Number of protein chains: 2
Amino acid sequence: MPSDDDQQYNLDFIFKPKSMAVIGLSTRNSDNPGNAIFSKNLMEMSVKTYGITPRADEIDGHKVYRSFDKLPEIPDLAVVAVSAKNTKSVIQEAAELGVKGAVIIAGGFSEAGREGMKMQNELVKICSDYNMPFIGPNCVGIYSPPILDTLFLPSERLVKPKAGNVAVISQSGGVLIDQFFISLKERNIGVSTAVSIGNKAMVNEAMLLKYFEKDNTTDVITFYLEGFHLGDGRRFCEEARKSRKDVVVYSGGTTSAGKAAAGSHTGSLAADGSIMKGAYKQYSIVNPINEQDLQMTLKTYSMLANPFRKYSTMAIHGDRIAVLSVSGGHGVLCADLLDKYGLGLTKFTERQKEDISFLLNPIASRIAGLNNPIDITGSGTDDDIVNILEYLFNAPNVEMILTLLVPQVPQLTMGLGRAINKVGNKYKKPIIAYVPWTPKYDLIRDALELQHIPCAHTIEETVQMANALKLKGIGGIRKKMSWNSNN
Amino acid sequence: MPSDDDQQYNLDFIFKPKSMAVIGLSTRNSDNPGNAIFSKNLMEMSVKTYGITPRADEIDGHKVYRSFDKLPEIPDLAVVAVSAKNTKSVIQEAAELGVKGAVIIAGGFSEAGREGMKMQNELVKICSDYNMPFIGPNCVGIYSPPILDTLFLPSERLVKPKAGNVAVISQSGGVLIDQFFISLKERNIGVSTAVSIGNKAMVNEAMLLKYFEKDNTTDVITFYLEGFHLGDGRRFCEEARKSRKDVVVYSGGTTSAGKAAAGSHTGSLAADGSIMKGAYKQYSIVNPINEQDLQMTLKTYSMLANPFRKYSTMAIHGDRIAVLSVSGGHGVLCADLLDKYGLGLTKFTERQKEDISFLLNPIASRIAGLNNPIDITGSGTDDDIVNILEYLFNAPNVEMILTLLVPQVPQLTMGLGRAINKVGNKYKKPIIAYVPWTPKYDLIRDALELQHIPCAHTIEETVQMANALKLKGIGGIRKKMSWNSNN
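Residues numbered from 1 in each chain as written. Chains lettered and ligands numbered in written order. Predicted model: local features only at pLDDT ≥ 70, side-chain atom pairs only at ≥ 80, totals over all residues. Heavy atoms only, no water.

- Going by what an unreviewed UniProt entry lists, chain A is known as Acetate--CoA ligase [ADP-forming] II subunit alpha and is assigned to Candidatus Lokiarchaeum ossiferum.

Structure representation (structure tokens):
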């Protein structure tokens, strides 16, 4: 039996359409999902947008059309925001006219019981026959900046991440527009496309993975998933294994309580948490342990996808890390956390300690802690940090550097970020920085991040970034070795 | 043998002095620690501040004095910022004159070896003889708004939390001024006094606990500790058990890597992580698992210390929690996390589900998830949330409510926080809110927090707050029962 696996629709018509029609406009309520989608794309996005309603020629001051066949052109994409029971006829009409893709917003399909499942299967049948793939139903929409935004929420209520290289696919629209969007924005991570997959009746996880694998603007592909339709989990994992991009899955419904909640949320059976966790490991899929870990993993992979930062010197095993701190307590917490995440500090030789001491200014040299973590103390200067970093970049027993910057101390300057870049750019060894999270020190953080040195907001985040690099850099994740052979 | 335990100095002269003298001013470097402390207290704080240097009558435009005996009055507090070897003579002079407390900034004492330990013991001897307790040495200073700030860092480099009800005592100055200060400010938690205890040669953890136990402005006492001097751990735990305030200890040096780092940082032997963890549990000390958990615990205890929010209806066992969400995915993640933290969802009866459904607007009612977590979906309104909350406040099988607000959905208004307060204030059942962390929704968050409903920034934080309440509310922590008997 040939598997569905071989079927791959052209999803460019959905994610990068030249034109789209929105169906489901209310003449009375301009906050209606259809109206919101129509108006935001017309005013804010680049796609050519048409509105369709049988009941008006103008809505909220914009020209609209009575039906598909009255449009001046056949649109690439139909965004269908009518009720579940009216969706079929709209889809039928669009498909017959030659529309090439659809997003179906309405709920009330498979998640609502047997009758809904039947209606959903009818949509799949029509769209398969006409080769018109659709996202949804029961979804919030898609966001593909700067082209289109079919999320049915008014833009002013959203926090939208910048355009960038992470594709985000979520089984929960709420998690997409809230947790993902807000944290991506907060951590300055850019999105290539964001997709709320809803009931994923036709376009599923594996198809999206295949699509974004070939998408030039995407380097990292991340999912929030509560479970798979029967058979889809394996297909997804097999696609992920073939992928040369970073695949990161954040799982909901991993406990029995969560699984029960997922059951009533998406109607699909959540896979057993421990099974999927094991499978993800087998299939080179990174599976962060919490929201913060997810953010740090995405940020690290997103920032280091830049060719300039493809580190080549060595594989990263995570057991020979050097920590350079301005504060002893920060070093202690970092050492604890490295242990917690299964990462290890390198051991400096006596000669190395002597060298490091010699590189410090005389006052700091007298009181500094020279073991690893190195504690240059509050008497440290920009030069101390830069000189020791250069030493560590050259040290053969150091595979990765974490530097814990505490610019509150008197002698560090706002030029520190730029100074670190000058030395960091000379070497191909990974470096991650902790910078206190306050606008006061943005000058340091921005300098580092603009040159692709990721900055964490807490010590644990610093260690989560190091852990993400380890997952990328070792043989356990086969494809990740491309990192080390590309340069 | 009478234990030191019985000795309690009057620390008001240190934390709430009427006057203080700063010794150790440089005539050449106005960024010197002494100069920074002198100038910031003169310009920014309320304490009467004198500067002392034998080499000038004026520094940076401010009058200073040649020696202690030239001051117009004997100050309550001496802040000693001279080098380690010059500290003894200054302390001797201050003690003989009748100064009542000191803060000793210099490093180079017990943490620096045998010679330093000898010098440190001499300081303790003098100060014991003269009944002049001191903080330090080897510390960053103390901060007691609005009275004084002896942190030797320029204020513009710091992020200072507002004045409030949490006393913060840290063995690491860096952790105090960075992690604590920035996160306390960020989460809107106020500080009564912040203390960098350094080598804690004379004033130790137990004495500070005793002091803040009697301090009217303090409701929560928190520590960052890397270890205890021999015997001090037990004494500290015994004080904590007697305390009727919330005692929260965040531990550094809990792993062998961290312990080694702590050894070179503070010179004191870190206690075995697992021993202290067990002891803290025995002695009613809350011991958060990570930085985020620490923040959430402090925030919860700090906000709920307000008499108005002393919940009285029942003990909190953490196993009958109701979750009210606007997004199904948020509910799934919350259910997973409650399980992870050992907390449990209450089970609604069929009758309760029917009641809840009846309270919803007709559209939401058709698609809402009525199990626990309740998912009112993106079709929910302010009224839906308020009505269901009131129902849950009255439900006998609900002991605590977590409400996951996603105001991105079209029908929720910026009046939601105020509307929730109106119903929340009628009941004595704990409620915690998740509100997306963006200034866009500050109107909702501020309304809730001003009326002491704590708001979390992530789902995990919401659950950490619930867990903090459980630790407070059950019999395992005996004294916490005062919560339930005060009203």
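### Digging into the sheet that holds strand E14 (residues 321-325) of chain A
All names here are of chain A.
- Strands sit in the order E15-E14-E16-E17-E18 across an open sheet of five strands; the sheet is parallel. A single partner strand is all that each edge strand has here, and the edge strands are strand E15 (374-375) and strand E18 (455-456).
- Examined bridge by bridge, strand E16 (residues 400-404) and strand E17 (residues 431-434) share four bridges and lie parallel to one another. What sits directly across from Leu402, in E17, is Ile432. (Pairing = 2+ DSSP bridges. Helix = DSSP H or I, 4+ residues; strand = E, 2+ residues; numbered from the N terminus.)

### A short note on the interface of chain B and chain A
- Counting residues at the interface gives 62 residues for chain B, matched by 62 residues for chain A.
- Summed over both partners, the interface of chain B with chain A buries about 4600 Å², with 55% contributed by carbon and sulfur atoms.
- The tally of links between chain B and chain A comes to zero salt bridges.
- The tally of links between chain B and chain A comes to 32 residue pairs in polar contact (both at pLDDT 80 or more). (Contact = heavy atoms within 4.5 Å. Buried area = accessible area lost by both parts, 1.4 Å probe. Salt bridge = Lys/Arg side-chain N within 4 Å of Asp/Glu carboxyl O. Polar contact = N/O pair within 3.5 Å; in protein donor to acceptor, adjacent residues only side chain to side chain.)

### Remarks on the nonpolar core
- Membership of the largest hydrophobic core comes to 163 residues, with the highest contact counts inside it found for Phe15, Phe68, Ile135, Leu208 and Phe236 of chain A together with Ile385 of chain B.
- Contact partners of Ile385 of chain B, with chain neighbours within four places excluded, come to Leu324, Val326, Ile376, Thr403, Leu405, Leu412, Leu416 and Ile420 of chain B.
- Counting 162 residues, the second largest nonpolar core, distinct from the first, contains Ile385 of chain A together with Val64, Val103 and Phe134 of chain B. (Core = buried A, V, L, I, M, F, W, Y, C linked by side-chain atoms within 4.5 Å. Buried < 20%, exposed > 50% of the residue type's maximum accessible area, 1.4 Å probe, protein only.)

### Focus: the sheet that holds strand E7 (residues 134-135) of chain B
Residues and elements named next belong to chain B.
- Pairing is parallel across the open sheet formed by five strands, whose spatial order is E2-E1-E5-E6-E7. Each of the sheet's edge strands pairs with one partner strand only, and the pair in question is strand E2 (48-52) and E7.
- Summarising the sheet, strand E5 (residues 77-80) and strand E6 (residues 101-104) pair through four bridges and their orientation is parallel. Opposite Ala78, over in E6, you have Ala102 as the bridge partner.
- Set on the sheet, helix H3 (residues 84-97) makes contact with strand E1 (19-23), E5 and E6; between it and E5 the angle comes to about 170 degrees. (Axes fitted to C-alpha atoms, helices over the stretch in contact; angles between N-to-C directions.)

### Describing the pattern of salt bridges
- For the structure on display, the rule yields 46 salt bridges over all chains.
- Glu205 of chain A is the partner of Lys200 of chain A in a salt bridge, and the nearest nitrogen-oxygen pair spans 2.3 Å.
- Note on Glu205 of chain A: relative accessible area 0%, which makes it buried.
- Residue Glu186 of chain B pairs with Arg187 of chain B through a salt bridge whose shortest N-O separation is 2.9 Å.
- The class of Glu186 of chain B is partly exposed, set by a relative accessible area of 24%.
- Taking relative accessible area as the criterion, Arg187 of chain B reaches 5% and is therefore assigned buried.
- Connected through salt bridges with shared partners, the residues Lys40, Glu44, Asp149 and Lys160 of chain A form a single ionic network.

### Comments concerning the relation of the copies chain B and chain A
- Under the fitted operation, chain B is carried onto chain A by 0.0 Å of movement along the axis and a turn of 180 degrees, and the coordinates agree to an RMSD of 0.0 Å. Taken together, the turn and the small shift mark the pair as related by a two-fold rotation axis. Distance from the rotation axis, computed per C-alpha, reaches its smallest value in chain B at Gln292 of chain B: 5.0 Å.
- Residue by residue, 100% of the interface of chain B is reproduced at the interface of chain A, so both copies engage with the same surface. (Least-squares fit on C-alpha atoms with pLDDT ≥ 70 in both.)

### Describing the confidence of the model for chain A
All names here are of chain A.
- Overall, the prediction assigns chain A a mean pLDDT of 91, with 92% of residues at 70 or greater.
- Across residues 1-5, confidence stays below pLDDT 50; counting only partners more than four residues off in sequence or on other chains, it has four contacts.
- Segment residues 474-487: pLDDT under 50, and 39 contacts once partners within four positions in sequence are set aside and those in other chains are kept.
- Reported confidence for the predicted complex is 0.91 by ipTM and 0.92 by pTM. (pLDDT = per-residue confidence, 0-100.)

### What to know about the UniProt feature "domain: CoA-binding" (unreviewed entry) in chain A
- Following the UniProt record, one finds the feature "domain: CoA-binding" (unreviewed entry) at residues 14-109 of chain A.
- Strand forms 23% of residues 14-109 of chain A and helix 29%; the C-alpha atoms that close the span are 21 Å apart. (UniProt positions renumbered as here; feature names shortened; annotations may be inferred.)

### Describing the environment of Ala56 of chain B
All names here are of chain B.
- Topologically, Ala56 is positioned in the loop between E2 and strand E3 (58-59).
- Overall, the relative accessible area of 10% leaves Ala56 in the buried class.
- Taking the C-alpha atoms as reference points, Ala56 and Asp31, separated by 25 residues in sequence, lie 17 Å from one another.
- Discounting chain neighbours no more than four positions away, the residues touching Ala56 are Thr27, Val64 and Arg66.

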